[in-house]
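Structure assessment
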Amino acid sequence: MAKTTTTTRKTGKKGGKDPNAPKRAMSAFFIWLQEHREKLKKPGMGVADVAKAAGVEWSKITDKSEWEKKASEDKKRYEEEMTAYKAQQA
């Protein structure tokens, strides 16, 4: 006996991002990458190549506390801004 299934499709468009919403907090890796991107870039490298080279360099770092501290500060900033944003929306 064959099973029959019905599929349902969502109709409509996905809601867009609110341009007034606060920017997400960056991770320690992205903060580090922002500071070191120019040193890693070489002529002819694409975005993916830079990201791969950055991943290799990031994995070699033993003490990441400097960037983890900055990331936690950025997370606190995001949470504060998000709280204010949600209060404004209500």
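In what follows, the structure referred to is the one given above.
Throughout, a residue's number is its position along its own chain's written sequence, starting from 1. pLDDT decides what is reported in this predicted model: residues at 70 or higher carry local features, side-chain atom pairs at 80 or more are listed and counted, and totals for whole chains, interfaces and linings draw on all residues regardless. Where side-chain values are given, they derive from all heavy atoms of the structure, hydrogens and water being excluded.

Turning our attention to the overall build of the protein chain. Helix and strand counts for the protein chain come out as three helices and zero strands. Only runs of H or I of at least four residues qualify as helices and only runs of E of at least two qualify as strands under DSSP, and these elements are numbered from the N terminus. The linear arrangement of helices and strands in the protein chain, starting from the amino end, is α-α-α. Atoms counted for the radius of gyration: C-alpha only. Globule rule: 2.2 Å times the number of residues to the power 0.38. A compact globule built from 90 residues should have a C-alpha radius of gyration of about 12 Å, whereas the protein chain, at 21 Å, is more than 25% larger. Summarising its shape, the C-alpha atoms of the protein chain cover approximately 60 × 45 × 25 Å along the three principal directions. Here, two residues are considered to be in contact whenever any of their heavy atoms come within 4.5 Å of each other. Across the protein chain, every contact between residues at least 6 apart in sequence was considered, and the portion connecting residues at least 24 apart equals 75%.

A few words now on the environment of glycine 15. Structurally, the position occupied by glycine 15 is in the segment before helix H1 (28-40). It is 38 Å that separates the C-alpha atoms of glycine 15 and glutamate 57, two residues lying 42 residues apart in sequence.

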